[in-house]
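Fold and geometry: a report
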Amino acid sequence: MSQGPALSADDHGVADWPDGPAPAPLPDSLPDGRPWPRIGVVILGDDADADRATTLASIEGQGYPQLQHRVCGTSPVGPMDADYLLWLRAGDLLAPGALAALCLEAVLSNAGAVAGLRVLFARGVHGLDLLGEPAASCGEQASFGCGDILVSRDALDHLSLPSDRALPSSAQLWSQLAAAGIRRSRIGRPVLLARDAVGTCLPSPLSIVSLTDLGYGGGAGIAHRRLAEALDLAGHRVTHLRLADESPPAAAEWTDQFPRTEAAILASGHDLVLVGNLHGATRGAGLVGRLASALPTVIALHDLFPLTGRCAHPKDCPVIADGCDARCPTPAEYPQLAPGRIAGAFAAKRQALHAPLLLANSDWTRARTQALAPGGTSIAPIRLAFPTGVFRPRDRAALRRGLGLPEHDILVLFAAVIADAPDKGFDDLVATIARVARPGIGFVAIGRLDDPSVFGLPGLHVPGPIGDEETLAQWYAACDVYLTASRLETLGQTPIEAGLCGTPTVAYRATGLTSAVIDGVTGILVEPREGALADGLNRLIEDAAFRQRLGAFARIVLESRFSHAAAAVSLHDALAGWPGMPVVTPVARHGFRPEMLGQFAFARDRRAGATGLVAAPSRPTIRLLRRAKQAVFGRVMPLWMRRVLYATTLLRHRVSR
């Protein structure tokens, strides 16, 4: 690698770049077997040799297989034989892995141009940004160059732009591409480290309430916390409120009044309420309806509860098409509701849904919401956020030694907050593992699992519930394949977390999993039929090279699409396109606080993982009692038992006062 000047992470925030260790090698071809496209990089200007040397070092450090670069001084350098082109100012740097990320997104999305994040630095990082609405004005200087956009030669030819000299600024080029109808895409990871860059247009900060039932534990809570973090890193002011601080979960079936919480929200002059799951504290829609009538309110659909009479996933319910009522086949399943109250709850929700914006986290969730919601309901897509610097590939052998895992076995991991929950396809999971189990294949179960003996696997590794992201990421990265038997996911967070760690997934081609797993790129999707999961799992077990390719692609694609920056941009776009949120306007560039860089694996000051993800493991006595209850009543809770818990909770509250 060429040696540049002594530019350190103190300047641009990226550790050991551009003179650090070589990046992990890329797969030798694209996911479909075609060769990687040819990329040409044009270096603009006549800056000092030291600046140019640093830029060259960042290009050579990409490890991209089909790459050429030329320096463009006062005269044209002649056309390059390349499929895609990118322009850098001397002194600016490509971020680690930038070209592979941009190129893979261009191929998968069939885009003529792909833009990524700029890291803006001088004597330290002072912000990040990403191209936004082409029509918005930014005042960006035309001489800046286009180091954050990869453009296809076909797109350049369509615009009649030269490839061998300076082009318009990034914002101007982005606008020209949009005006010409050329497909564009954006990725939420840094691609350019821009020295002394100025002119970033930051959106006006909003005051936002993040409202949940029980807080940020469990799957939906984790997803909602990460969305709130993304908004904070985009410069907004976020206040965190939970209904359980005013009313206990045992009262959820009978409570829809939260006067202290409601008054605090309405009196504080907030711009927006971001609602997560509330059904752990209330089964009603009254609070959301009242809030939405007073100020802009959006509901993140972590499940489909806002659209039904009581359930989180209607499955193939024969009742819901005519409207939920006492005919509900599963009133005692969580979130439970007495049959006689279901019709009223369904009607109240449909009335309340006329005001809020519903945020769908996958293509399937958006389509299902359109089918179930009343006419006129506002629906927009969003991306969920994942801490891509915590969930990252690591030294697998070292992890296994540290975690006490066998060094040479092929390890298959499955995980859920409640690993043996029926809605996660537990019976199917047990049957799949029985078909695949043999010497040399190990299995890891993460989450609450009351009876591990059901698998009949003496070598099953059961770390149980894991409450912090750092430890969870280590287990993902230590294993070879991630397996889920679930068929009921609005998205599916665990396959994305695994893929970010370089571990491919085998899953059903069902519900939101079709967005969480890209078939043949980040894992394998199989048809929902008996034995299909085992067939897909065996395919990955028997083909180490295929596993490694999928793991490498998964890391690149998922980091680009599911970062905190990608989530913040998707939320901004959803709000800017919603008439109910007039204070949000389109921006030429989405700006982020410098701390956003810490969410990425290559940052010098990488942000630590969150803790408190799930409840602590149950004591043995509690596990035995839970199993005894399930033996008598199954997993449902009869109405009389719910009433007893509610009465007991009220009595304790009065005694404590």
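Everything discussed here concerns the structure shown above.
Keep in mind it's a predicted model, so treat the numbers as computed, not measured.

**Describing the overall build of the protein**
Along the protein, the regular secondary structure elements total 20 helices and 21 strands. Taken over the C-alpha trace, the protein has a radius of gyration of 26 Å; the compact-globule value for 657 residues is 26 Å, and the two agree within 12%. Counting only C-alpha atoms and orienting by the principal axes, one finds that the protein spans roughly 85 × 60 × 45 Å. Counting every position in the protein, which comprises 657 residues, the buried fraction comes to 56%. Across the protein, the fraction of contacts at a sequence separation of at least 24, relative to all contacts at a separation of at least 6, is 75%. Entry remark: accessible area of the protein is about 25800 Å², with carbon and sulfur atoms responsible for 53%. For the protein, the distance from the average site of its 63 positive side-chain charges to the average site of its 63 negative ones is 7 Å.

**What about the sheet that holds strand β10 (residues 237-242)?**
By definition, the strands of a sheet pair up through backbone hydrogen bonds, in either a parallel or an antiparallel sense. Sheet architecture is open: six strands sit in the order β10-β9-β11-β12-β13-β14, paired in parallel fashion. Unpaired on one side and paired on the other, β10 and β14 (378-381) mark the two borders of the sheet. Within the sheet, the average angular offset between the axes of one strand and its neighbour, ignoring direction, is 25°. Where strand β9 (residues 207-212) meets strand β11 (residues 272-275), four bridges bridge the pair, whose relative direction is parallel. Bridge pairing in β11 links Ser210 to Leu274. Across the sheet, helix α18 (residues 564-576) is in contact with β11, β12 (297-300), β13 (357-360) and β14; its angle to β13 comes to roughly 150°.

**With respect to unusual backbone geometry**
If a residue is not glycine, its phi is most likely negative; likewise, a peptide bond is most likely trans. Between Trp17 and Pro18 the backbone carries a cis peptide bond, its omega angle lying at 10°. Along the chain, the position of Pro18 falls in the loop between α1 (9-12) and β1 (39-44). Cis rather than trans, the peptide bond between Tyr334 and Pro335 has omega equal to -5°. A positive phi is found at Ser160, a non-glycine position, where the angle reads about 60°. Among the structural elements, Ser160 can be located in the loop between α4 (153-159) and α5 (170-179). One non-glycine residue, Thr511, lies in the positive phi region at around 45°. By the secondary structure assignment, Thr511 is in the loop between β19 (505-508) and α15 (513-516). Looking at Thr511, the relative accessible area reads 12%, which means it is buried.

**What to know about the sheet that holds strand β15 (residues 410-418)**
Reading across the sheet, the six strands line up as β17-β16-β15-β18-β19-β20 and stay open at both edges, with parallel pairing between neighbours. Two strands close off the open sheet at either side, each with one partner strand: β17 (461-464) and β20 (523-526). Pairs of neighbouring strands in the sheet enclose a mean axial angle of 20°, with direction left out of account. Note that strand β18 (residues 481-483) and β19 share two bridges and pair parallel. If you follow Tyr482 over to β19, its bridge partner there is Thr505. Helix α14 (residues 493-500) contacts β15, β18 and β19 of the sheet and is inclined by roughly 180° relative to β18.

**So, empty space enclosed by the protein**
Applying the stated rule across the entire model yields three cavities of 30 Å³ or more. Around the largest cavity, the lining comprises 17 residues; the ones closest to its centre are Gly284, Val288, Ile299, Phe305 and Pro306. Looking at the lining of the largest cavity, the elements that each hand over two or more residues are β12 and α9 (339-352).

**Description of the side chain of Thr505**
Within the fold, Thr505 resides in strand β19. Discounting residues that sit within four places of it in the chain, Thr505 has contacts with Tyr482, Thr484, Pro495, Ala498, Val517, Thr522, Gly523 and Ile524.

**Remarks on the pattern of salt bridges**
Enumeration according to the criterion identifies 34 salt bridges in this entry. A salt bridge links Arg589 to Asp129; the nearest nitrogen and oxygen atoms lie 3.3 Å apart. Pair noted here: Arg589 is in strand β21 (residues 589-592) and Asp129 is in strand β6 (residues 124-131), with a separation of 460 residues, a long-range link. Of the two residues examined, Arg589 and Asp129, each falls in the buried class. Among the ionic pairs, Arg225 bridges to Glu469, the shortest N-O distance being 2.9 Å. With Arg225 in helix α6 (residues 218-233) and Glu469 in helix α13 (residues 469-478), this residue pair connects regions lying 244 residues apart in the sequence. Each of the two residues, Arg225 as well as Glu469, counts as buried.

Each value, and the rule that gives it
- Residues numbered from 1 in each chain as written.
- Predicted model: local features only at pLDDT ≥ 70, side-chain atom pairs only at ≥ 80, totals over all residues.
- Heavy atoms only, no water.
- Helix = DSSP H or I, 4+ residues; strand = E, 2+ residues; numbered from the N terminus.
- Rg over C-alpha atoms; globule rule 2.2 N^0.38 Å.
- Buried < 20%, exposed > 50% of the residue type's maximum accessible area, 1.4 Å probe, protein only.
- Contact = heavy atoms within 4.5 Å.
- Areas by Shrake-Rupley, 256 points an atom, 1.4 Å probe, with all protein chains shown as cover.
- Lys, Arg positive; Asp, Glu negative; His and termini not counted.
- Charge placed at Lys NZ, Arg CZ, Asp CG, Glu CD.
- Pairing = 2+ DSSP bridges.
- Axes fitted to C-alpha atoms, helices over the stretch in contact; angles between N-to-C directions.
- 1 Å grid on protein atoms, 1.4 Å probe; cavity = no way out; pocket = protein on both sides within 12 Å on 5 of 7 lines; lining within 4 Å.
- Points joined across faces, edges and corners; volume = space filled by probe spheres on them.
- Salt bridge = Lys/Arg side-chain N within 4 Å of Asp/Glu carboxyl O.

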